Amino acid sequence: EAIPCYDKIIEDNNNKYLEECHLLKGQIFLGQEKNDEAIKEFDEVIKLNPNNPTAYFYKGYAYATNEPRDGKEAINNFSKSINIDNSDKLSFYNLGMCLLDEGDYKQGIKYIYDAYLLDPKFYKSLLKIGEVYLKLERYDEGIAYFDEILKNEPNNEFALVRKGDALLMKNNIQEES
């Protein structure tokens, strides 16, 4: 229902809300899982304002969640968002997640940790790093990240479960040796 309203403003093509309307349409299309249409709207925003970090963020998200997924384009757009505004933890986190998906664990962990540094209560980033270390069978490093969460939130269920998993995996490896 909102899209016709935005289309009317876009149709006028001379309005100070043009950029915002394309951005909002893109977000609506993302919510409807119409990622290709969303990308077109974010491209319009970028044509109007090549320094809009939000457009690059959402365009990256659209590529990251599209079928088929385009990890390279997602990485490119999250990187552009960060180059314009390096204070958005979600751009760092999502860039890190895309890098992990591409198999670049070192850089993926770095960007996810950067998200945590921007917001030390963003425990989702520490949890993800711990999980990556478990996947790499580096249990003590994973446990250290879960412990960091538990130091600040002793009842964090996700960290408790993942720490328990890590201890179990570590013990199983030691028993096999």
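Residues numbered from 1 in each chain as written. Predicted model: local features only at pLDDT ≥ 70, side-chain atom pairs only at ≥ 80, totals over all residues. Heavy atoms only, no water.

### A few points about the overall build of the protein chain
Working step 1: Within the protein chain one finds 10 helices and zero strands.
Working step 2: By the compact-globule yardstick of 16 Å for 177 residues, the protein chain is too spread out, its C-alpha radius of gyration being 20 Å.
Working step 3: Counting only C-alpha atoms and orienting by the principal axes, one finds that the protein chain spans roughly 70 × 30 × 30 Å.
Working step 4: Sequence separation of 24 or more characterises 40% of the internal contacts of the protein chain that already satisfy a separation of 6 or more.
Working step 5: Entry remark: accessible area of the protein chain is about 10200 Å², with carbon and sulfur atoms responsible for 48%.
Working step 6: Distance between charge centres in the protein chain, computed from 22 positive and 33 negative side chains, equals 3 Å. (Helix = DSSP H or I, 4+ residues; strand = E, 2+ residues; numbered from the N terminus. Rg over C-alpha atoms; globule rule 2.2 N^0.38 Å. Contact = heavy atoms within 4.5 Å. Areas by Shrake-Rupley, 256 points an atom, 1.4 Å probe, with all protein chains shown as cover. Lys, Arg positive; Asp, Glu negative; His and termini not counted. Charge placed at Lys NZ, Arg CZ, Asp CG, Glu CD.)

### Brief notes about unusual backbone geometry
Working step 1: Omega for the bond connecting Glu-67 with Pro-68 falls within 30 degrees of zero, at 0°, which places this linkage in the cis form.
Working step 2: Inspection of the secondary structure assignment puts Pro-68 in the loop between α4 (53-65) and α5 (71-84).
Working step 3: With a phi close to 60°, Glu-33 is a non-glycine residue in the positive phi region.
Working step 4: Judged by relative accessible area, which is 70%, Glu-33 ranks as exposed.
Working step 5: Of note in this structure, Glu-137 is not a glycine but carries a positive phi near 60°. (Buried < 20%, exposed > 50% of the residue type's maximum accessible area, 1.4 Å probe, protein only.)

### As for the environment of Tyr-58
Working step 1: With respect to the secondary-structure elements, Tyr-58 resides in helix α4.
Working step 2: Separated by 35 residues in the primary sequence, Tyr-58 and Leu-23 place their C-alpha atoms 8.8 Å from one another.
Working step 3: Residues within four places of Tyr-58 in sequence aside, it is in contact with Leu-23, Gln-27, Leu-30 and Phe-42.

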